[in-house]
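# Examining the three-dimensional arrangement
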Amino acid sequence: MNKFAMYGKLITHPGQRDALVQTMLEAADQFDSMEGYELYIINVTENDPDVGWITELWRDAKAHAASLQNENLLALIQKCMPLIVGAEPIKLRPVGGKGI
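Residues numbered from 1 in each chain as written. Predicted model: local features only at pLDDT ≥ 70, side-chain atom pairs only at ≥ 80, totals over all residues. Heavy atoms only, no water.

The next subject is the overall build of the chain. Check the secondary structure of the chain and you find three helices and four strands. Reading the secondary structure of the chain in the N-to-C direction produces β-α-β-β-α-α-β. Taking 100 residues into account, the globule formula puts the C-alpha radius of gyration at 13 Å, and the chain, at 14 Å, falls close to it. Sorting the 100 residues of the chain into buried and exposed places 36% on the buried side. Expressed as a percentage of contacts within the chain between residues at least 6 apart in sequence, the contacts between residues at least 24 apart total 73%. When the accessible surface of the chain is summed, it comes to about 6400 Å², and 53% of that surface belongs to carbon and sulfur atoms. Averaging the positions of the 9 positive and the 13 negative side-chain charges in the chain gives two centres separated by 9 Å. (Helix = DSSP H or I, 4+ residues; strand = E, 2+ residues; numbered from the N terminus. Rg over C-alpha atoms; globule rule 2.2 N^0.38 Å. Buried < 20%, exposed > 50% of the residue type's maximum accessible area, 1.4 Å probe, protein only. Contact = heavy atoms within 4.5 Å. Areas by Shrake-Rupley, 256 points an atom, 1.4 Å probe, with all protein chains shown as cover. Lys, Arg positive; Asp, Glu negative; His and termini not counted. Charge placed at Lys NZ, Arg CZ, Asp CG, Glu CD.)

What follows is the structure, given as structure tokens:
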């Protein structure tokens, strides 16, 4: 299996998590046509009001790398940057399970 997954912890300025989440959810439809993008989930927890989580699944690492050249994705990143004070990406290699 050559799939590529990524979890991202996005730390926002105080009180900006919901704005970040809304921006990212509005952009979700753009990714339907992106080659190799299989899963895009935005998550939050009840115990940390300034953190959002993103879950991504790609056909492979090459598709993920190519996405970073996509104008729409780059525009989304630029729109979100003023809301974010830190990020902790976790790159993963799925090995199996239900749904993949």
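Enumeration according to the criterion identifies four salt bridges in this entry. One salt bridge in this structure joins Lys3 and Glu38, with 2.8 Å as the shortest N-O distance. Within this pair, whereas Lys3 is found in the segment before β1 (4–12), its partner Glu38 is found in strand β2 (residues 37–44), the two being separated by 35 residues in sequence. Relative accessible area serves as the criterion here: at 40%, Glu38 is assigned to the partly exposed category. A salt bridge links Asp18 to Arg17, with the shortest nitrogen-to-oxygen separation between them at 3.5 Å. Taking relative accessible area as the criterion, Asp18 reaches 53% and is therefore assigned exposed. Residue Arg17 is classed as buried on the basis of its relative accessible area of 13%. (Salt bridge = Lys/Arg side-chain N within 4 Å of Asp/Glu carboxyl O.)

Another aspect to go through is the packing of helix α1 (residues 17–27) against helix α3 (residues 71–80). Where α1 contacts α3, the axes come no closer than 10 Å and their chain directions differ by 170 degrees. Relative to α3, α1 is oriented roughly antiparallel. Of the residues in α3, those touching α1 at Leu20, Thr23, Met24, Glu26 and Ala27 are Leu76, Lys79 and Cys80. Taken together, the residues that form the contact of α1 with α3 break down as five nonpolar, one polar and two charged. (Axes fitted to C-alpha atoms, helices over the stretch in contact; angles between N-to-C directions. Parallel < 35°, antiparallel > 145°, perpendicular 65-115°, else oblique. Nonpolar A, V, L, I, M, F, W, Y, C, P; charged D, E, K, R; others polar.)

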